[in-house]
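Structural overview for review
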Amino acid sequence: MKKLVVGILAHVDAGKTTLSEALLYLSGSRRTLGRVDHGDAFLDTDAQERERGITIFSKQANLNWNGCEITLLDTPGHVDFSAEMERTLQVLDCAILVISGTDGVQGHTRTLWKLLERYQVPTLLFVNKMDQSGADRERLLEQFRNRLNGGCVDFGADLEQRDEAVALCDEKAMEAFLEEGSVGDGLISDMIACRRVFPCWFGSALKLQGIGEFLDGLVRYAPQPVYPQAFGARVFKISRDSKNTRLTWMKITGGSLRAKTLLQGQTGETAWEEKADQLRLYSGEKFAPLEEAAAGQIVAVTGLSQTRSGQGLGAQEDAPTAMLEPVLNYRMILPDGVEPFTILPKLRQLEEEDPMLRILWNEQWKEIHVQLMGQVQLEVLTRLMKDRFGLDVAFDVGSIIYKETIANAVEGVGHFEPLRHYAEAHLLMEPGPRGSGLVVGSSCSTDHLDLNWQRLVLTHLLEREHPGVLTGSAITDMKITLVAGRAHLKHTEGGDFRQATYRAVRQGLMQAESLLLEPFYDFRLELPMDSVGRAMTDLQGMGGTINDPETEGEMTVLTGYAPVAGLQNYWQEVTAYTRGLGRLSCSYRGYEPCGEAEKVIEAIGYDPERDVDNPADSVFCAHGGGYNVKWDQVFDHMHVHSGLKLGQEEKVPQQEAPRPVQRTEYRGSFEQDKELMAIFERTYGKIERKAFEPQRKPARTELAEHYTLKEKKKAGPEYLLVDGYNIIFAWEELKALAQTDLAAARAVLEDILANYRGFRKCEIILVFDAYKVKGNPGSVEKRNNLYIVYTKEAQTADNYIERTTYELSRDHQVRVATSDGLEQMIILGHGAMRLSASAFKAEVEATQLQITKLIEEHNLKNRGNYKIRDVADLS
C-alpha cells in the first residue's frame with residue numbers, strides 16, 4: 001500500500017484547518033464536518049486553539065483514499081508559531097500549500113515557500129475560497145508564477161492544456177509531449193519530486209468543492225519515497241499528554257521500530273541509551289498502541305527523556321539548523337513569593353517542546369528572560385503557564401534581540417596555559433553572507449595539531465552562542481577557520497582547548513570592526529490611495545526600504561522590508577489611520593545592519609573588558625605559575641605562528657622557553673607548589689621532577705612581604721572563600737563523616753568556620769556545588785555570620801569562586817581555601833592568595849588552640865575574682 005506523510009501549510013485565515021476537516025470527512029475518517037468557527041474542528045484539540053480560532057500546535061490525523069494510507073500533519077498558520085510548522089517540514093513526503101483565493105500570495109506565504117524550498121519538499125497547491133467574490137483563477141495563476149515559481153500549473157484544466165503547461169517546465173517532458181502528445185504520470189511525479197512542477201487545484205473546502213479531485217490528484221501524482229532497510233528515525237517534536245507523559249514524535253525513515261527496543265543517541269557530548277516503551281499512532285486526540293512501526297509512519301514514543309527536536313536516530317542524520325529564530329526578548333515577572341529557581345525546570349519543559357522559545361537566566365540581575373516570535377506567542381505562553389503549572393506570570397514591554405557580526409577579517413589567538421595545562425588556538429574570522437549563521441572549518445595541518453584536537457576546537461565553536469563585544473549579543477554571519485594550534489603531549493586536556501577557543505574568538509572580536517544587526521520583516525501593506533503618503537513616511541522613518549507601489553483594484557500595495565522594532569505594533573496605527581481598511585502582513589526576513597547602532601549600544605552599556613565570564617585575555621606560564629596577558633598583547637607571547645598576514649605587523653612567536661615577563665603580583669614558587677605536585681601525581685601518576693623545577697631566577701618565595709604590601713594597598717575587610725566539598729573531602733575527619741552523613745559534615749564545617757571567623761574577624765564565603773546538595777540551586781544565605789552559597793544549576797564551586805575572587809580582589813584582601821591545582825593558579829592570576837586544604841587545617845587548629853587558651857585564661861581570672869569576693873564576705 002502506498003504511504004504518504006503530507007503536511008498542510010498556509011498563511012493565517014486561508015482555510016487550512018477547514019481543508020483538513022474536508023479531507024477527513026470526504027475520506028470517511030470523520031462522520032461529521034467540523035468547523036473552526038463552531039469550535040468542533042477535529043484537529044484543533046487545545047482550548048486556546050478553539051478560543052482563538054487558530055492552530056497553535058501541529059496535529060496528526062490518518063485517512064485512506066484509493067488504497068493510499070495518508071498521514072496528515074496540520075501545522076500552525078500564524079507567523080508567531082512558524083517554528084512549529086518548520087520542524088514538521090523535516091518529515092514530510094510532500095506538502096499542501098493552501099492559499100486564499102481572495103487574498104492571493106501574502107507575506108507569510110513567501111516565508112512558507114522559502115522554507116519548502118530550503119527543505120526541498122515537493123509541493124502541491126490548493127487554492128481555497130474560490131466560491132467568494134473577488135477570486136479570479138487566471139489572475140491567481142499569474143501571481144503564483146510571478147511571485148512563487150513559474151512551474152505552477154493548473155491541474156484542473158483540460159488534459160491537453162495541462163500537459164502543455166507541464167512540458168514547458170522540463171526538457172524531458174517537452175520531448176514526451178512532442179512525441180506522444182501527453183506527459184505520463186510517472187514523469188509528472190518525478191518533476192514534482194524535483195520541484196520543477198507545482199500542481200494547483202481550485203475549490204472551496206467549506207462547501208467541499210474540488211476536494212475529491214484534489215485527493216485523486218494527490219494520490220496519483222505525489223512522489224512515493226523509497227526507504228532503506230536499516231533502521232532510521234527523525235524526531236520532529238516533543239510534547240506531553242494529559243497525564244504529563246513525555247512524547248517523542250518521530251517519523252520512521254528506514255527499517256522498522258518495535259516497542260521496548262533500546263534506542264541510542266547523543267545529546268551534546270553525552271551518549272545515551274533508552275527504551276522505547278510504547279509506540280502510539282495518533283489521530284487527533286486519540287491513539288492506538290502499536291507493536292511495530294514501519295518505515296513511513298509517524299509515531300509518538302514514550303520512555304525517552306534525552307531526545308530533542310531535529311535529532312536523527314539510527315542511520316538517520318540530524319536535521320539542518322532551523323531558519324527561523326526568535327526576534328523579541330521579554331523579562332518574566334513572577335508572582336510574589338515565587339523564587340526563579342522553582343520556575344526554571346518548568347520552563348525547560350516548555351522550551352524543549354517549542355525550540356523557538358528560548359529561556360535565559362540573567363545571572364547579574366537574577367531574572368528570567370524569554371525569547372520568542374511575537375505578541376500572540378507571548379499570550380499563549382502566559383496562558384500555558386497558568387493552565388499547566390498554576391502560575392500567573394507577567395512580562396515587561398519587551399525588547400529586540402540584536403546580533404553582531406564583523407566587517408573585516410582578523411586572526412584571533414587564544415592561549416591557555418596555567419600550570420600543567422596547555423592549549424593554543426589560532427582562528428581566522430571572516431564576515432559571511434547575511435543569513436549564513438556561524439560556519440566553521442579547519443585548514444590546519446595535522447602535522448601541527450592532531451585531528452582529534454582540531455575536531456574539539458570546531459565542537460567548542462558550535463556548542464554555544466559566543467557574545468559579541470558591542471552589546472554582548474550573539475555573533476552570526478561569520479566564517480571561522482582553525483588555521484593553527486598547538487597541544488602538549490602530557491599536559492593538554494579537553495577543557496584546555498575549550499578555554500583557548502573561547503578566548504581566541506573573543507580576542508579576534510576585540511580586534512575586528514564589529515557591526516550591530518537587528519531583525520527585519522518583509523512587509524506587504526494594502527491601503528487606500530489617500531493613505532499612501534502617511535504609510536511611506538512612517539516606513540522610511542523606521543528605516544525601511546519600500547518597493548514601487550502597485551495598484552490592485554481600488555487599493556494600493558506597498559511591499560519592502562523594515563526593522564521588527566518599527567513594524568512590531570505598526571498594524572494598530574495602520575488600522576487607525578486607514579479607518580480599518582488597511583491590512584499589514586509581515587514575514588521574517590532575517591538580520592540586517594542596525595540603523596541606530598550607536599544609540600542602541602549606548603543604551604545597553606555593555607563593556608567587554610568587564611565581562612569576566614567571557615575573557616579575551618590569554619593565560620601563559622612562566623617560573624612555575626600562570627599569568628594573565630591582555631588581549632592586545634597576546635601576539636607578543638604566542639607560541640605558534642599561523643602564517644597569516646591580515647594587515648598586522650608580523651609577530652614572531654616565543655620559543656619553548658618564554659622570555660621573562662615583568663609582573664607585579666605574586667605567582668607562587670617551587671616550594672609552595674609541592675602539595676599541588678603531590679595531588680597531580682596521585683591523580684595522573686608519577687612524573688619527572690625536573691619538569692617542574694624553577695628557572696634560575698625564581699619568583700618570590702616569601703609571602704610575608706607581599707602580604708604586608710597587599711594589606712597596605714587594599715582597604716576593607718579580608719575575605720576568605722572556602723571550597724566546601726574540596727575541604728570536606730581533604731580533611732580526614734570530615735571525609736569520614738561525609739561518607740555516612742554529608743549534611744552533618746557540612747554542618748560541622750560551618751561550626752568550625754563560625755569559630756574561626758569570630759577569632760580572625762574576616763568575612764567568610766562558604767561555597768558548595770548545588771548539584772551535590774538536595775534542595776534549591778542558586779541560593780545565598782547568611783547563617784552564623786557566614787555567607788553560605790549553593791551554586792546555580794550547571795555552575796561549579798570553582799566557577800563561582802573564580803568570578804567572586806576577580807570582583808572582590810580589586811578592593812579587598814582575598815584568600816581562597818582549596819586544594820584544586822588549576823583553581824589555585826587561576827586565583828593567583830586574579831591577585832588573590834591561595835591556601836591549601838592542609839595549610840588551612842593547620843591554621844584552623846592553631847586558631848582553635850588560641851581560642852581554648854583564651855577561654856581557660858578567662859575562666860581562671862573569673863575563679864580568682866570569685867575567691868576574693870568570698871573572703872571579703874566572710875570578713
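Up top is the structure.
Residues numbered from 1 in each chain as written. Predicted model: local features only at pLDDT ≥ 70, side-chain atom pairs only at ≥ 80, totals over all residues. Heavy atoms only, no water.

A tally of regular secondary structure across the protein chain gives 25 helices and 40 strands. Relative to its full complement of 875 residues, the protein chain shows a buried share of 51%. Taking the intrachain contacts of the protein chain between residues at least 6 apart in sequence as the baseline, contacts between residues at least 24 apart amount to 71%. About 41,000 Å² of surface is accessible on the protein chain, with carbon and sulfur atoms providing 49% of the total. (Helix = DSSP H or I, 4+ residues; strand = E, 2+ residues; numbered from the N terminus. Buried < 20%, exposed > 50% of the residue type's maximum accessible area, 1.4 Å probe, protein only. Contact = heavy atoms within 4.5 Å. Areas by Shrake-Rupley, 256 points an atom, 1.4 Å probe, with all protein chains shown as cover.)

Further remarks concern helix α11 (residues 375-389). Under the 1.5 Å per step criterion, the end-to-end length of α11 is 21 Å for 15 residues, consistent within 8% with the ideal 21 Å. Here the buried face of α11 lies against α2 (47-52), β18 (328-333), α10 (340-353), β20 (367-372) and β21 (394-395). Gly390 lies just past α11 and shows a positive phi near 70°. (Expected span 1.5 Å × (residues − 1).)

Among the five residues in strand β35 (residues 719-723), five count as buried, and that is most of the element. Residues Tyr719, Leu721 and Asp723 of β35 are buried on one face, and the alternating residues Leu720 and Val722, pointing to the opposite face, are buried as well. Bridge count between β35 and strand β36 (residues 763-768): five bridges; the pairing is parallel. Counted as the bridge partner of Asp723 is Val767 from β36. (Pairing = 2+ DSSP bridges.)

This brings us to unusual backbone geometry. With a phi close to 65°, Asn244 is a non-glycine residue in the positive phi region. Under the relative-accessibility criterion, Asn244 is labelled partly exposed at 43%. Not every positive phi belongs to a glycine, and Asp477 is a case in point at roughly 50°. With respect to the helices and strands, the residue Asp477 is situated in the loop between α12 (451-462) and β27 (478-487). For Asp477, a relative accessible area of 2% translates into the label buried.

On the basis of which strands lie adjacent, the open sheet formed by six strands has the order β37-β38-β36-β35-β39-β40 and mixed pairing. Since the sheet does not close on itself, it has two edges, and those belong to β37 (779-783) and β40 (833-835), each with one partner. Taking the axes of each pair of neighbouring strands and ignoring which way they run, one obtains an average angle of 20° across the sheet. Packing of helix α22 (residues 742-760) onto the sheet brings it into contact with β35, β36, β37, β38 (786-790) and β39 (814-817), and relative to β36 it is tilted by some 165°. Together, β35, β36, β38 and β39 form the strand contacts of helix α23 (residues 797-808), whose direction differs from that of β35 by roughly 170°. (Axes fitted to C-alpha atoms, helices over the stretch in contact; angles between N-to-C directions.)

Another point: a negative patch on the surface. A cluster of acidic residues, Glu171, Glu175, Glu179 and Glu180, forms a negative patch on the protein surface. Position of Glu175 relative to the elements: it lies in helix α7 (residues 171-180). In this structure Glu175 comes out as partly exposed when scored by relative accessible area, which is 48%. (Patch = residues over 30% accessible without salt bridge, like charges linked within 9 Å, V, L, I, M, F, W, Y side chains within 5 Å. Salt bridge = Lys/Arg side-chain N within 4 Å of Asp/Glu carboxyl O. Lys, Arg positive; Asp, Glu negative; His and termini not counted. Charge placed at Lys NZ, Arg CZ, Asp CG, Glu CD.)

Here the focus is the sheet that holds strand β1 (residues 2-10). Read across the open sheet, the seven strands follow the order β2-β3-β1-β4-β5-β7-β6; overall the sheet is mixed. With partners counted over all chains shown, the strands left at the sheet margins are β2 (59-65) and β6 (152-154), one partner each. Taken pair by pair, the neighbouring strands of this sheet meet at an average axis angle of 30°, ignoring direction. The pairing of β6 with strand β7 (residues 198-202) spans three bridges and is classified as parallel.

Evaluated as defined, the whole model comprises 46 salt bridges. For the salt bridge of Glu351 with Arg348, the shortest nitrogen-to-oxygen distance reads 2.9 Å. Here Glu351 pairs with Arg348, and both are found in helix α10, just three residues apart, close to one helical turn. Classification of Arg348 as partly exposed rests on a relative accessible area of 34%. One salt bridge connects Glu552 with Arg524, and the closest N-O pair in it is separated by 3.0 Å. Of this pair, Glu552 sits in strand β30 (residues 550-552) while Arg524 is found in strand β28 (residues 514-528), placing the two residues 28 residues apart along the sequence.

Our focus in this paragraph is the nonpolar core. Grouped together as the largest cluster of nonpolar side chains are 87 residues, with contacts concentrated most on Leu125, Phe144, Val370, Phe523, Leu525 and Tyr570. With sequence-adjacent residues up to four places away left out, Phe523 is seen in contact with Leu539, Thr545, Ile546, Leu558, Thr559, Gly560, Tyr561, Ala562, Leu567, Leu584, Ser585 and Cys586. Counting residues in hydrophobic clusters, the runner-up holds 42 residues, among them Phe126, Met191, Ile192 and Phe214. (Core = buried A, V, L, I, M, F, W, Y, C linked by side-chain atoms within 4.5 Å.)

In this section: the environment of Ser442. Locating Ser442 in the fold gives a position in strand β26 (residues 438-442). Ser442 gets classed as partly exposed once you look at its relative accessible area, which sits at 35%. Separated by 15 residues in sequence, Ser442 and Val457 place their C-alpha atoms 9.3 Å apart. Among residues more than four places away in sequence, those in contact with Ser442 are Gln454, Leu458, Thr481 and Leu482. Polar contacts involving the side chain of Ser442 include one to the main-chain amide nitrogen of Cys444, which spans 3.3 Å. A polar atom in the side chain of Ser442 sits 2.6 Å from the side chain of Gln454. (Polar contact = N/O pair within 3.5 Å; in protein donor to acceptor, adjacent residues only side chain to side chain.)

Another point: the side chain of Ser587. Topologically, Ser587 is positioned in strand β32 (residues 583-593). Those residues within four positions of Ser587 in sequence are excluded, and the remaining contacts are Gly107, His108, Thr111, Phe520, Tyr521 and Asp522.

Let us look at the packing of helix α21 (residues 732-740) against α22. Closest axis-to-axis distance for the α21/α22 pair is 6 Å, and the angle between their directions is 145°. Between α21, through Leu734, Leu737, Ala738 and Thr740, and α22, the contact on the second element is made entirely by Leu742, Ala744, Ala745, Val748 and Leu749. Residues that form the contact of α21 with α22 fall into these classes: eight nonpolar, one polar and no charged. (Nonpolar A, V, L, I, M, F, W, Y, C, P; charged D, E, K, R; others polar.)

A word on helix α9 (residues 211-221). Burial analysis of α9 places eight of its 11 residues in the buried class, which makes it a mostly covered element. Of the positions making up α9, those classed as buried are Ile211, Gly212, Phe214, Leu215, Gly217, Leu218, Val219 and Tyr221.

A word on the environment of Ile252. Looking at the secondary structure, you find Ile252 in strand β9 (residues 246-254). With relative accessibility at 0%, the residue Ile252 sits in the buried group. In this structure the C-alpha to C-alpha distance between Ile252 and Gln316, which are 64 residues apart in sequence, comes to 9.2 Å. Contact partners of Ile252, with chain neighbours within four places excluded, come to Tyr227, Phe231, Gly232, Ala233, Leu257, Ala293, Ala294, Ala295, Gly296, Gln297 and Val299.

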